[in-house]
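# Notes for the structure review
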Amino acid sequence: MPRPPSPKRPAWLMPTLAAALVVLVAAAGVGAYFVYGRGAGTGTTPVAGPSSSPPAQRSAADAAAPDVCGMLPAAEVDRLVPDATIARSARNGDYTIDFRCNWINQRISYGDFWRSREIDVKVAQHRGEGAKTGRAVAQNAYELDYRHGKYRETAKPSLDPGEKEYLSPVKDLPGVGDSAFAQYTWRRDDKLLWYAFGTARARVGDMTIEVRYQAGQQRKDAQILTNESAQAITEENAIREVSGLIGHVAKGVAAWQAQHPDVLAKVEPSAAATVSPSPRATPSPTVLASFPADCAAVTETATRLVPEPVTRARGTTVGADSQTECRWLNRELPGGEGITKIRSALITVHRFTNRAGAVDEPAAKAFYATGYGRARNTAESSIGGVTWGKLTRTEGLGDEAYRQYVKSRSGEVSAGSGSVIIRTGAVVVEVDYSGHQRPAAEATDSPKVVLIPEKEAMDGALTLAKAYLAALGGQPAGG
């Protein structure tokens, strides 16, 4: 009899919330185990066992555990899940000895998109049950999964309005272990989720293997917690990738069994999740000896906005992004009897080049899209003393531009700020004009601080942005 369908919304599948669904559970004396929602079972046409029962499994006093993380070629993992966080785990259960490896990166920058990638590999060694050997138990488990996969090809689950689901026919994978198959799942959950993944299962001796590969992407400027602009891996690509991955794991399992015939694997405490590659430190900006020429060209405009300023210029390089920052600041402007004003103008310029030193417009587009997406998702909201205003696309400035007013009452200085962000070719320019006024005796974060009005802040930022573009030759100062 086929078993009933698995739950409609497997927990581990939600790409935007994937990190929150990994639970680390301490298992006394047997290591750590990463618990995921149980997915649908799988399997292929059963292969008859030998005519005589294999030798009984022996306790593994000295047998090293199979290195599941080492069974996939590093180049293959880097191709499918670049810069992955790697987590390994092991558990000594009542019926199986389980080993698991997970590679995940849910935030890969790719042009105008954020990509998410994950590989999950589980290897279970089955214990014998009474007269049944571990191999026979593994065979039964595999056959059950295979029948369940066939059942789900045509089963019609109960779906809520707006939900859609598709499961592909089971595809047998000859030559992989003793038996193997793959299947594709595609799911759309109204306006929240849109995901797809491939699953492959195999049996090698007394061990069963499950491999899942999930991939998708979404525009950087999409609203968070929606499937707006989401795209998921296709059936053809998913089946191809999991078929290749499980082939590698099946060979690794067979090699381990050849070295440890009829032996139960030994479980050792699992290491904590490791990150590969290691996080890189962000370079510190360097104060420049003089103002860059492009900033000097707009000093007259900047000093009308910030009279008698203290100036500063800094520079740094982060990967392909060469940054310069020019600031004009006056913290002690008179604002009338007993009133002190602060005004600040800041221009941050990002110039992108590729490894050959040529201008890299796609990198600039990706950087701009990332910033726009972040601003869109916080627009017209407040958190922690910061309030973001409406986000507005701005025509006539560079190739693309947007502006926004932000009020901040967190940190040492409360201020309102008008920001204009422009992309012109391989250059992204961020222009900010900010300030406040307060009674002279009050601190800069006093509740009596009055933030610069939105109109003044935005007009100042637009004026400075236009002047800077004119200095670059991008458009006339009055454009």
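Given the structure is predicted, the values throughout are model-derived calculations rather than measurements.

## Side note on the overall build of the chain
Counting its secondary structure elements, the chain contains seven helices and 23 strands. When each of the 479 residues of the chain is scored for burial, the buried share is 47%. For the chain, contacts bridging at least 24 residues in sequence account for 63% of all contacts bridging at least 6. Per element, the accessible surface of the chain, about 23400 Å² overall, is 54% carbon and sulfur.

## As for the packing of aromatic side chains
Summed over the entire model, instances satisfying the criterion amount to seven aromatic pairs. For the ring pair Tyr372 and Tyr402, a centre distance of 5.2 Å and an interplane angle of 75° mean the geometry is edge-to-face. Of the two residues, Tyr372 is situated in helix H6 (residues 361–378) and Tyr402 in strand E20 (residues 400–408); the sequence distance between them amounts to 30 residues. We note that Tyr372, like Tyr402, is buried. Members of the aromatic cluster, connected to one another through ring pairs, are Tyr142, Tyr146 and Phe181. Sitting over the ring of Trp114, Lys220 keeps its end group 4.8 Å from the ring centre. The aromatic ring of Tyr372 is capped on one face by Arg393, whose charged end is 4.3 Å from the ring centroid.

## What about unusual backbone geometry?
Phi angles above zero are rare outside glycine, and Ser229 is one such case at about 65°. The phi dihedral of Asp262 is positive, around 55°, even though this residue is not glycine. Mapped onto the secondary structure, Asp262 falls in the loop between helix H3 (235–259) and strand E12 (274–275). For Asp262, a relative accessible area of 31% corresponds to the partly exposed category.

## What to know about the side chain of Ser408
Tracing the chain through its elements places Ser408 in strand E20. Within the structure, Ser408 has its side chain in polar contact with the side chain of Ser410 (distance 3.4 Å). Those residues in contact with Ser408, other than ones at most four positions away along the chain, are Gly385, Val386, Val413, Ser414, Ala415 and Leu451.

## Let's talk about the environment of Ala461
Among the structural elements, Ala461 can be located in helix H7 (residues 454–472). Accessibility expressed as a relative area gives 0% for Ala461, which makes it buried. Note: C-alpha distance between Ala461 and Ile347 (114 residues apart in sequence) is 9.5 Å. Those residues in contact with Ala461 that sit more than four places away from it in its chain are Gly418, Ser419, Val420, Val431 and Tyr433.

## Let's talk about the nonpolar core
When a protein is soluble and globular, its nonpolar side chains tend to lie buried together. Judged by nonpolar contacts, the single largest core of 44 residues is most densely connected at Trp103, Ile119, Val121, Ile209, Tyr213 and Val249. Within the residue set of this core, elements represented by two or more residues are helix H1 (74–80), strand E3 (85–92), strand E4 (96–110), strand E5 (113–126), strand E8 (179–189), strand E9 (193–204), strand E10 (207–219) and H3. Considering every element that reaches this core, the biggest residue donor is H3, with nine residues. Beyond its immediate chain neighbours, meaning those up to four positions away, Ile209 contacts Lys122, Val123, Ala200, Arg201, Ala202, Val204, Ile246, Val249, Ala250 and Val253. By size, the runner-up hydrophobic cluster in this structure holds 31 residues, among which are Val420, Val427, Leu462 and Leu464.

## Description of the state of the cysteines
For the coordinates displayed, the defined rule picks out two disulfides. Across the disulfide from Cys69 sits Cys101; the S-S distance is 2.0 Å. Linking Cys69 and Cys101, the disulfide has an S-S dihedral of approximately 105° and is accordingly described as right-handed. In this pair, Cys69 sits in the loop between strand E2 (31–35) and H1 while Cys101 sits in strand E4, placing the two residues 32 residues apart along the sequence. The exposure class assigned to Cys101 is buried, which follows from its relative accessible area of 0%.

## Describing the pattern of salt bridges
Per the stated rule, a full pass over the model turns up 28 salt bridges. Residues Arg187 and Glu165 are paired through a salt bridge, measuring 3.1 Å at the closest nitrogen-oxygen approach. Taken together, the positions of Arg187 in strand E8 and Glu165 in strand E6 (residues 163–167) put the pair 22 residues apart, joining distant regions of the chain. For Arg187, a relative accessible area of 1% corresponds to the buried category. Assessed through its relative accessible area of 23%, Glu165 is described here as partly exposed. A salt bridge links Glu210 to Arg201; the nearest nitrogen and oxygen atoms lie 3.3 Å apart. Judged on exposure class, the residue Glu210 and its partner Arg201 are both buried. The network of salt bridges with shared partners includes Lys122, Asp145, Arg201, Glu210 and Arg212.

## Observations regarding a nonpolar patch on the surface
Taken together, the side chains of Leu192, Ile224 and Leu225 make up a nonpolar region of the molecular surface, amounting to roughly 290 Å² of accessible area. With respect to the helices and strands, Leu225 occurs in the loop between E10 and strand E11 (231–232).

## What to know about the confidence of the model for the chain
Scored by pLDDT, the chain comes out at a mean of 84, with 83% of its residues at no less than 70. Overall, residues 1–54 carries pLDDT values under 50, and its contacts beyond four positions in sequence, including any with other chains, amount to 130 contacts.

What counts, and at which threshold
- Residues numbered from 1 in each chain as written.
- Predicted model: local features only at pLDDT ≥ 70, side-chain atom pairs only at ≥ 80, totals over all residues.
- Heavy atoms only, no water.
- Helix = DSSP H or I, 4+ residues; strand = E, 2+ residues; numbered from the N terminus.
- Buried < 20%, exposed > 50% of the residue type's maximum accessible area, 1.4 Å probe, protein only.
- Contact = heavy atoms within 4.5 Å.
- Areas by Shrake-Rupley, 256 points an atom, 1.4 Å probe, with all protein chains shown as cover.
- Phe/Tyr/Trp six-rings, centres within 6.5 Å; stacked < 30°, edge-to-face > 60°.
- Lys NZ or Arg CZ within 6 Å of the ring centre and 35° of its normal.
- Polar contact = N/O pair within 3.5 Å; in protein donor to acceptor, adjacent residues only side chain to side chain.
- Core = buried A, V, L, I, M, F, W, Y, C linked by side-chain atoms within 4.5 Å.
- Disulfide = S-S within 2.5 Å.
- Salt bridge = Lys/Arg side-chain N within 4 Å of Asp/Glu carboxyl O.
- Patch = residues over 30% accessible without salt bridge, like charges linked within 9 Å, V, L, I, M, F, W, Y side chains within 5 Å.
- pLDDT = per-residue confidence, 0-100.

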